[in-house]
Amino acid sequence: MSCEYFPDLLYISKKNWSQIEELLKEVILSEEKRKKIDLFVQEVTTLLSSVPETKFTEIADQSWLPPGIKVPLLQIPFTVKGRFRMAPPRSLNVVGSYPLGTCTKPDVNVDLAVTMPPEILQEKDYLNQRFHRKRALYLCGLAHHLLCRPVISSMHFTFLHGDYIRPILLIRSADKDLHSVTLRLYVCIPADFFKPSRFHICRNNIRSAWFQGWENATQEISEPPTPHYNNGILREALIEAHLTFLNAALADFPGSKEGIMLLKIWLRQRKLDQGFGGFTGFHVSMLVAYLISRNQISPVMSSYQVFRSVLHFLAITDMTVNGITLATDPNSLGPTLSEFHSAFQVVFIDPSGFANVFADMTTNQYKQVQHEAQLSMQVWDNPNFDGFHALFMTTKTLVRSFDHVFHISCMSRLQRACNKMKLFSDIMDHNGNYVAAALPYILSILQRGLGERISLLIPVLPQTQEWSIYTDPPQHKDMGLLSFGMLLNTEHSTNILEKGPAADSVQATEFRRFWGNKAELRRFQDGSLCEAVIWDGDSLFEKRLITEKIVKHLLQLHADIPESSVNYVGGLLDRILQVGRKPCRTGEEESLKITHAFDDLNRKLWNLEGLPLTITSVQAAHSSLRHTQVFPPLPMNPDLSFFQKEKLDNSLLPLEEKPCPAYIPALQVICHMEGSGKWPQNKEAIRRIKSAFHIRLAQLLRQQYGLICRTAVNALDVYKDGFVFRVQVAYHRESHFLKEGLTSDGMVHYCNAKEKEALKLKLETVHMPLLTSVLNGLQQQHSTFGTTARLAKRWIGAHLLDACLMSDEAVELLVASLFLHPAPFNTPNSPQVGFIRFLLLLSSFDWKNNPLIVNFNGEFSAAEYTEVKNYFVSTRSNLPAMFIATPQDKKNSVWTRESPSVQILQRLIMLASESLLVLERQLSAPCSFQDMKVVFRSPLDIYDVLIHLNPKRVPRQAQAIDVPTVTFSRGALFSEAVGTKAFMPIVEFDPVSIFLKELRDAFGELALFFCDPNGGLIIAVLWKPQAFSKQTFRASHMNARLVEIGSNGAQTVPNVEAILEDFEILGAGLVEKLEIQTEKWSI
């Protein structure tokens, strides 16, 4: 397929093109840097050319080794035939990306191929790791020869791409200008020393008797083929041939080299090029050469077009099923494509026809590359999204990218797994690397067991660290963590049933073998008797962790890996939201109960008879009704022994000697009445009419449905199913009349002083119900949205930022953007990964220069996107620090107009950045004793005064991040049943919130006040810097100030001692003590 089939490749916006050009300038080596690198390489090459010769010794006789230098290879078994001596290299050639012109900064690797002289090799060195042992010994000799050279600052060994049979020597220059440059020495064999046919994938080159240490074995056994071993030796022989091929292939295609650089950056940001089996820059270069050979890349293509062509090819090509080849010789004696597929999971045949470029890659690793390519294509195809930033500037770590992550912590367990799965021939083929041998089988087992519950399962092998030339090489058990990431399919991931074949079918035996003691016979509703697996899961929290149970069960059953060696970090943060007396619930079920109660109330309101005007809509306007209340209220009845009863209106008053009663929120419901000429046009008259409607609604609800109601001027409280709904009648023109006033001559005019009141009313009766509706719809599409938003709000609150400093609705919109615009990630399907991305968005988004556009239901057109961005740029100085635009609110950002301030936003960004760093470190290397709540604990050392509260008077004490040791019974009986003679509970009574409001009203000019609204026992006070500057005396501005007479006349300063005393007076009974942390008020 030629490039004319991709007309879209020829288009890229000017902005993206200029960004790509700037990026390439940043990563391309300057000529000055290249000259210094060339000089350093030349100096090392000269030194290597004079390696002294030594006498022949047996390979196993390593007494000649220089003192202290360790062989960089696991020599198991140690004894091997063959002789070895040191001699100058046959040739020294720079290979890889540096001579090809595709090397990129910041970390520059220059590869030097050191070809061993033929005279130190023997005819059968391809057998039993003989070549590998000689290579490791040769590296030791080279390292010793380079010791104490002034041009070299350090030398270390490492394994190339985590392959324990491929040691290389890392050399770094003494020139400080080359501190980021590493010269990597590869020792390879002459290309013509062995016949390629010796390494046919069907041949065996490791003898079982030798590998198992049977020195005197006489019985002949059938030897299994060793395709990975054979491919590895071929790869070393073809290093220079591959460079020659790539130079020829890319010579007439100037855009291809920069395209390869872009692809390497893309891979690096996704960590796809790391570890054993990674998709490296060499693979990218070979793939570009393949597309050139197939005329899918033309000489006129730019770097961007090459980049996109490769992504397109990866997105649509499955090399696990249909491998590709660069071999062009029809008479080649190399293996057939089908033979390659039988030996390797991913197939890309090199020009020789004998080697597989992707030999080390598993199916799951390739599927990850393919998945990322598909995602990236979608990003580029979205004209309203910043594709450049998503593709090239966003780092995708494991815990950011995958819904659930788990780690196998004890690598030695994989050796037992190989024994359990009888993988001796695979271990032998992988030169004793039991991790690489076991991994494909473990992935296959997990893929089968998880089935439709996941859309992608990927392994992440750790990068091998470099080590000193005087240190023994790391063993497989020292590798670290073997990590796995899973993308969940929410449609199936929470299913508790795994239905198997019919009991009398042939497949039933295999089903029982695979699932072990979890399999059982079940009769289904259609009468069929089938094998099945049933997983425990009463709550959504438990169902989200069914995948954890499957993973641990299958690893124990089939791989002999105990649960203690599997660290599953899929739902560690969910437990912060646990509510009530049931520890395995995180509030989703409570939210559904509230929704069902509201739906029933909605029907009852619509069916009321006797109203003078028809109800046109009943809309939810509370976070509990959009599934985002941090702790959804539980249905409850008041324990009358805790209250004083007022029989006239069936209300209750708290008793002073009892603890503060449980906090019961009023769930706002907006009830719109039809428009009519009977509505007055005076704002006060409208309020009175609304009050009359509240009284009438209460009468009808009592008469027709027996509900307990309590009326007020502005609303009607309805006690139903253990919840209190606050019904507020609304008239669509009220905000219009609120802004009107009368002049002295009786003329109507708009009063700016009433604008704020009108906006507040519109916010409550129009914007809030609309937001609740769209977010509730988002929850129906993405079941983890609500829990993610609750985690985010809990984190905000835990850092002492209540709704006055950062509105709940703004946080919900931030979380909504993660689900509506997840690129470059998938839509989050677990609360944990959603919360991590919330922290990433908050800390990395450019709030100063960009609006956050939340496109509900795809209502924004491309023209509207541009309109919002242009409006933002032109009016930035008049807009809030955090600007959020939605289709219903394009220019006003109503939810961030008042908060956060610039200072609060900066603190949020700092807290999010630090929390993300800590959380990713914890989830990437988990252990059983880690405290996941650490990112939810706010540092208190920055505040000036801490007001400690009496926990007995804090109604939400039980919601604190750290569960209190002493709790109080708060007069609540948890029950949905409400008797006909029940009393209306005390609603919206939170002394902490009331006290906090009084403090801000009284002292807001002097200080900022911070408190965790969810059970916080401390109110933190931060004096404003300008509060302590002296001011000219004015009688109207003497609140909490002292008069000082000086040379400048009468001036006032804050009376801090009196202010602190007022704190205690205002909070009498609630305040336990004051803790003074600074003396900033000293003037």
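Calculation rules
- Within any chain, residue numbers begin from 1 and follow the written order of that chain's sequence.
- In view of the model being predicted, local features appear only for residues whose pLDDT reaches at least 70, and side-chain atom pairs are presented and counted only at 80 or more, with totals across whole chains, interfaces and linings using the full set of residues.
- Hydrogens and water are ignored here; the side-chain numbers use all heavy atoms of the structure.
- Numbering of helices and strands starts at the N terminus; helices are DSSP runs of H or I of at least 4 residues and strands are runs of E of at least 2.
- Relative accessibility thresholds used throughout: buried, under 20% of the residue-type maximum; exposed, over 50%; partly exposed, between the two (1.4 Å probe, protein chains only).
- Throughout, a residue-residue contact means that at least one pair of heavy atoms, one from each residue, lies within 4.5 Å.
- Each accessible area is a Shrake-Rupley result for a 1.4 Å probe, and residues are judged covered by the shown protein chains and nothing else.
- Charged residues are defined narrowly, with Lys and Arg counted positive, Asp and Glu counted negative, and His plus the chain ends left uncounted.
- A charged residue contributes its charge at one atom only: NZ of Lys, CZ of Arg, CG of Asp or CD of Glu.
- Joining through side-chain atoms within 4.5 Å is the link that ties buried Ala, Val, Leu, Ile, Met, Phe, Trp, Tyr and Cys residues into a set, and such a set is a nonpolar core.
- Here, any two strands with at least 2 DSSP bridges between them count as paired.
- Every angle, taken between N-to-C directions, lies between 0 and 180 degrees, and every axis is a line fitted to C-alpha atoms, over only the stretch in contact when it is a helix.
- How sure the predictor is of each residue is captured by pLDDT, a score from 0 to 100.
- Here the expected span of a helix is defined as 1.5 Å times the quantity of residues minus one.
- Distance and chemistry together define a polar contact, namely a pair of N or O atoms within 3.5 Å, with one atom able to donate a hydrogen and the other to accept it when in protein, and with adjacent residues in sequence counting only for side-chain atoms on both sides.
- By definition in this entry, angles of less than 35 degrees are roughly parallel, angles greater than 145 are roughly antiparallel, angles of 65 to 115 are roughly perpendicular, and the rest are oblique.
- Each crossing gets its hand from how the near helix is turned against the far one by less than a right angle, where anticlockwise is left-handed and clockwise is right-handed.
- In the scheme used here, Gly and all other residues not listed as nonpolar or charged are polar, with Ala, Val, Leu, Ile, Met, Phe, Trp, Tyr, Cys and Pro taken as nonpolar and Asp, Glu, Lys and Arg as charged.
- What counts as a salt bridge is simple: a side-chain nitrogen of Lys or Arg found within 4 Å of a carboxyl oxygen of Asp or Glu.

Colleague: Sorry, what's going on with the overall build of the chain here?
Modeller: Looking only at helices and strands, the chain features 31 helices and 37 strands. Projected onto its principal axes, the C-alpha coordinates of the chain cover approximately 110 × 90 × 60 Å. Taking all 1083 residues of the chain together, the buried fraction comes to 55%. Considering only contacts within the chain whose residues lie at least 6 apart along the sequence, 73% involve residues at least 24 apart. When the accessible surface of the chain is split by element, carbon and sulfur atoms take 52% of a total near 47000 Å². Both charge centroids of the chain, one from 110 positive and one from 110 negative side chains, sit 1 Å from each other.

Colleague: Which parts of the structure should I look at to understand the nonpolar core?
Modeller: One broad rule of soluble globular proteins: the nonpolar side chains tend to lie buried together. Within the largest apolar cluster, 112 residues are counted, with the highest numbers of intra-cluster contacts made by Leu-169, Ile-171 and Phe-406. Among the elements that take part in this core, helix α17 (residues 434-450) stands out by supplying 11 residues, more than any other. Core analysis: the next-biggest nonpolar cluster, separate from the first, contains 75 residues, Leu-573, Ala-798, Leu-813 and Val-894 among them.

Colleague: Can you walk me through the sheet that holds strand β23 (residues 708-711) in this structure?
Modeller: Consider a sheet: its strands pair through backbone hydrogen bonds, and that pairing is either parallel or antiparallel. With mixed pairing, five strands are arranged side by side in an open sheet as β18-β22-β25-β24-β23. Lying at the two open borders of the sheet, with one neighbouring strand each, are β18 (615-620) and β23. Going from strand to strand, the sheet's axes swing by 25° on average, the running direction of each strand aside. Judged from the five bridges that link them, β18 and strand β22 (residues 666-673) form a sheet pairing that is antiparallel. Note on β22: the bridge partner recorded for Val-618 is Cys-671. Along the sheet, helix α21 (residues 588-606) contacts β18, β22, β24 (716-720) and β25 (723-730); its crossing angle with β18, the most-contacted strand, is approximately 170°.

Colleague: Looking at this structure, I do not really get the side chain of Ser-97. What am I missing?
Modeller: Of note, Ser-97 is situated in helix α3 (residues 97-100). Here Ser-97 falls in the buried class, since its relative accessible area comes to 17%. Excluding its chain neighbours within four sequence positions, the residues that come into contact with Ser-97 are Thr-102, Cys-103, Asn-109 and Lys-264.

Colleague: Before we go on, may I ask you to explain the confidence of the model for the chain in this structure?
Modeller: If pLDDT is low for a region, its predicted coordinates should not be looked at in detail. Per-chain confidence: the chain averages 89 in pLDDT, with 93% of residues scoring 70 or above. Here residues 1-10 scores under 50 on pLDDT; set against residues more than four positions off or in separate chains, the count is 17 contacts.

Colleague: Can you help me understand helix α25 (residues 785-798) in this one?
Modeller: Because an α-helix packs 3.6 residues into every turn, residues spaced three or four apart end up facing the same way. When the terminal C-alpha atoms of α25 are compared, their 20 Å separation across 14 residues agrees well with the 20 Å that a helix rising 1.5 Å per residue should span. Burial within α25 is extensive, with 14 of its 14 residues counted as buried.

Colleague: Mind showing me how you'd approach the environment of Asp-192 here?
Modeller: Counting through the fold element by element, Asp-192 comes out in the loop between β7 (181-188) and α5 (208-212). Asp-192 sits in the exposed class, given a relative accessible area of 58%. Along the sequence, Asp-192 and Leu-238 sit 46 residues apart, while their C-alpha atoms lie 9.5 Å from each other. Side chain to side chain, Asp-192 and Arg-90 meet in a polar contact 3.3 Å long.

Colleague: What is the right way to look at the sheet that holds strand β15 (residues 519-523) in this model?
Modeller: Taken together, three strands build an open sheet; the order of strands is β14-β16-β15 and the sheet is antiparallel. Only two strands of the sheet have a single neighbouring strand rather than two, namely β14 (497-502) and β15. The average undirected angle you get between the axes of adjacent strands in this sheet is 40°. Docked against the sheet, helix α18 (residues 507-515) engages β14, β15 and β16 (529-534), running at close to 145° with respect to β14.

Colleague: I keep staring at the packing of α17 against α18 and nothing clicks. Help me out?
Modeller: Pairs of packed helices are described in terms of their axes, by the angle between the two and the distance that separates them. Running from N to C, α17 and α18 point in directions that differ by 115°, and their axes come no closer than 12 Å. With respect to α18, the element α17 is oriented roughly perpendicular. Crossing of α17 against α18: the hand is left-handed. Residues Ile-445, Arg-448 and Gly-449 of α17 touch α18, and the partners they reach there are Glu-510, Arg-513, Phe-514 and Trp-515. Partitioned by chemical class, the residues of the contact of α17 with α18 number three nonpolar, one polar and three charged.

Colleague: Explain the pattern of salt bridges to me, please; I cannot follow it from the model alone.
Modeller: All chains considered together, the criterion is met by 46 salt bridges. Between Glu-372 and Lys-396 there is a salt bridge; the shortest N-O distance is 2.8 Å. One end of the pair, Glu-372, is in helix α12 (residues 363-380); the other, Lys-396, is in the loop between α13 (387-393) and α14 (398-401), and 24 residues separate them in sequence. Lys-396 matches Glu-372 in its accessibility class, with the two residues each being buried. A salt bridge links Arg-710 to Asp-717; the nearest nitrogen and oxygen atoms lie 4.0 Å apart. A residue is classified by how much of its surface remains accessible, and Arg-710, at 23% relative accessible area, is partly exposed. Judged by relative accessible area, which is 6%, Asp-717 ranks as buried. Each of the salt bridges in this network shares a partner with another, and the network as a whole consists of Asp-600, Arg-603, Lys-604, Lys-720 and Asp-721.

Colleague: For this particular structure, what's the right way to read the packing of helix α27 (residues 831-844) against helix α29 (residues 902-924)?
Modeller: As a packed pair, α27 and α29 sit with axes 8 Å apart at the nearest point and diverge in direction by 140°. Taken together, the axes of α27 and α29 lie oblique to each other. Between α27 and α29 lies a crossing whose hand is left-handed. Only Leu-908, Ile-909, Ala-912, Ser-913, Ser-915, Leu-916, Leu-919 and Leu-923 of α29 make contact with α27, whose side of the interface consists of Gln-832, Phe-835, Ile-836, Leu-839, Leu-840, Leu-842 and Ser-843. In the contact of α27 with α29, the residues fall into 11 nonpolar, four polar and no charged.

Colleague: What's the story with unusual backbone geometry in this structure? I'm lost.
Modeller: Both trends apply: most residues other than glycine have a negative phi, and most peptide bonds are in trans. Here the amide bond leading from Ile-76 into Pro-77 is cis, since omega sits at -10°, within 30 degrees of zero. On the secondary structure map, Pro-77 appears in the loop between β1 (57-58) and β2 (83-84). Cis geometry is adopted by the peptide bond preceding Pro-824, which originates at Ala-823 and carries an omega value of 10°. With respect to the helices and strands, Pro-824 occurs in the loop between α26 (808-820) and α27. You will see that Asp-721, though not glycine, has its phi angle at about 55°, which is positive. Along the chain, the position of Asp-721 falls in the loop between β24 and β25.

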